[in-house]
Amino acid sequence: MARVDEWIDEGTAKCREALVDLDAPSALPGWKRRHVAAHLSLNAEALGNLVHWARTGEERPMYPSAEARNADIESAALRPEHELRSWYDESAARLADAMSALTPDQWQASVRTAQGATIPATRIPWMRSREVLIHAVDLSTGLTFADLPTDFLEALCKDIRTQRPDVPDVNGPLPDLAAYLAGRPYTNITSNGHPAAPLPPWL
């Protein structure tokens, strides 16, 4: 868990540094940086719902629905830049505090992801680390997958392959492989000696 906590801290800091000129486009189609900022804050609150569920036993889904999640992102993205940055800081801090307060038994509680998968609460920090590190790249301020921790990239590739078993065998440098599997821009990825076909976005 300690290493995942370090990934969260690193990703949280990288995203915060990238929350500049929020009207600039992000690397995600149709989203400006302000959309990514809103999404990251809403994600912290959504994961906070799962922490509450683990702590109290009271079922609290991440989002009311996928439609509500998307509508909330679009609405929240309209906030002034200073509000988006403050919300990002506060929501990240609240989530960190809530996670640090869970007992060993509470970490073993079962909760449910937005995709409907039942998981132990111990997966919540990993879910947050993926969000902040991948979206730090998506904020498109020059950071690439090559700038992310090597052990995180290895864990990410393993996680995505588990969830996308239909992905063909591919070869390439680890940062490009992680980008490819996550459906982000990549180079130097081949499959059976040929350029690999792009994958749809993941996360």
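Relevant structure appears above.
Nothing here was measured: the structure is a model prediction, and the numbers come from that model.

## A word on the packing of aromatic side chains
Then, number 1: The final tally for this structure, using the stated rule, is four aromatic pairs.
Then, number 2: With a centroid separation of 5.5 Å and 75° between ring planes, the pair formed by W7 and F152 is classed as edge-to-face. With W7 in helix α1 (residues 2-18) and F152 in helix α7 (residues 150-163), the pair connects residues that are 145 residues apart, well separated along the chain.
Then, number 3: Using a relative accessible area of 0% as the deciding quantity, one classes F152 as buried.
Then, number 4: On the numbers, 4.9 Å between centres and 80° between planes, the contact of Y180 with Y186 is edge-to-face.
Then, number 5: Through a chain of ring-to-ring contacts, three or more aromatic side chains come together here, namely W7, W126 and F152.
Then, number 6: Over the ring of Y63 we find R69; its NZ or CZ atom is 5.9 Å from the centre of that ring.
Then, number 7: When the ring centre of W87 is taken as reference, the NZ or CZ atom of R79 above it lies at 4.0 Å.

## Quick word on the environment of S191
Then, number 1: Position of S191 relative to the elements: it lies in strand β3 (residues 190-191).
Then, number 2: The buried category is assigned to S191, whose relative accessible area is 15%.
Then, number 3: Residues S191 and V170 lie 21 residues apart in sequence; the distance between their C-alpha atoms is 4.6 Å.
Then, number 4: Residues within four places of S191 in sequence aside, it is in contact with P168, D169, V170 and A196.

## Side note on the layout of surface pockets
Then, number 1: Quantified by volume, the largest pocket comes out at close to 790 Å³.
Then, number 2: Along the wall of the largest pocket there are 28 residues; nearest its centre are R69, A114, Q115, E131 and L203.
Then, number 3: Looking at the lining of the largest pocket, the elements that each hand over two or more residues are α2 (33-56), α3 (66-76) and α6 (124-138).
Then, number 4: In terms of residues, the lining of the largest pocket owes the most to one element, α6, which gives four residues.
Then, number 5: Broken down by class, the residue content of the lining of the largest pocket amounts to 15 nonpolar, eight polar and five charged.

## A short note on the pattern of salt bridges
Then, number 1: Under the criterion given, the structure shown has 11 salt bridges.
Then, number 2: Across the pair R123 and D159 runs a salt bridge, and its minimum N-O distance is 3.1 Å. Of the two residues, R123 is situated in the loop between β2 (118-120) and α6 and D159 in helix α7; the sequence distance between them amounts to 36 residues.
Then, number 3: Judged by relative accessible area, which is 30%, R123 ranks as partly exposed.
Then, number 4: Classification of D159 by relative accessible area gives buried; the value is 9%.
Then, number 5: Connected through salt bridges with shared partners, the residues R3, E6 and D151 form a single ionic network.

## Points about the packing of α2 against α6
Then, number 1: Between α2 and α6, whose axes approach to 10 Å, the crossing angle comes to 175°. Between α2 and α6, the interaxial angle falls into the category roughly antiparallel. Between α2 and α6, the contacting residues are V36, H39, L40, N43, A44, L47, L50 and V51 on the first element and I124, M127, R128, E131, V132 and H135 on the second.
Then, number 2: Tallied by class, the residues present in the contact of α2 with α6 amount to nine nonpolar, three polar and two charged.

## Focus: the side chain of S41
Then, number 1: Following the sequence through the fold, S41 ends up in helix α2.
Then, number 2: Once you skip the residues sitting within four places of it in the chain, S41 turns out to touch L84, W87, Y88 and S91.

## With respect to helix α8 (residues 174-181)
Then, number 1: Of all eight residues in α8, six are buried, a share of seventy percent or more.
Then, number 2: Of the residues making up α8, those classed as buried are D176, L177, A178, A179, Y180 and L181.
Then, number 3: For α8, the secondary structure elements touched by its buried residues are α7.
Then, number 4: Residue G183 follows α8 closely and has a positive phi angle near 75°.

About the thresholds
- Residues numbered from 1 in each chain as written.
- Predicted model: local features only at pLDDT ≥ 70, side-chain atom pairs only at ≥ 80, totals over all residues.
- Heavy atoms only, no water.
- Phe/Tyr/Trp six-rings, centres within 6.5 Å; stacked < 30°, edge-to-face > 60°.
- Helix = DSSP H or I, 4+ residues; strand = E, 2+ residues; numbered from the N terminus.
- Buried < 20%, exposed > 50% of the residue type's maximum accessible area, 1.4 Å probe, protein only.
- Lys NZ or Arg CZ within 6 Å of the ring centre and 35° of its normal.
- Contact = heavy atoms within 4.5 Å.
- 1 Å grid on protein atoms, 1.4 Å probe; cavity = no way out; pocket = protein on both sides within 12 Å on 5 of 7 lines; lining within 4 Å.
- Points joined across faces, edges and corners; volume = space filled by probe spheres on them.
- Nonpolar A, V, L, I, M, F, W, Y, C, P; charged D, E, K, R; others polar.
- Salt bridge = Lys/Arg side-chain N within 4 Å of Asp/Glu carboxyl O.
- Axes fitted to C-alpha atoms, helices over the stretch in contact; angles between N-to-C directions.
- Parallel < 35°, antiparallel > 145°, perpendicular 65-115°, else oblique.

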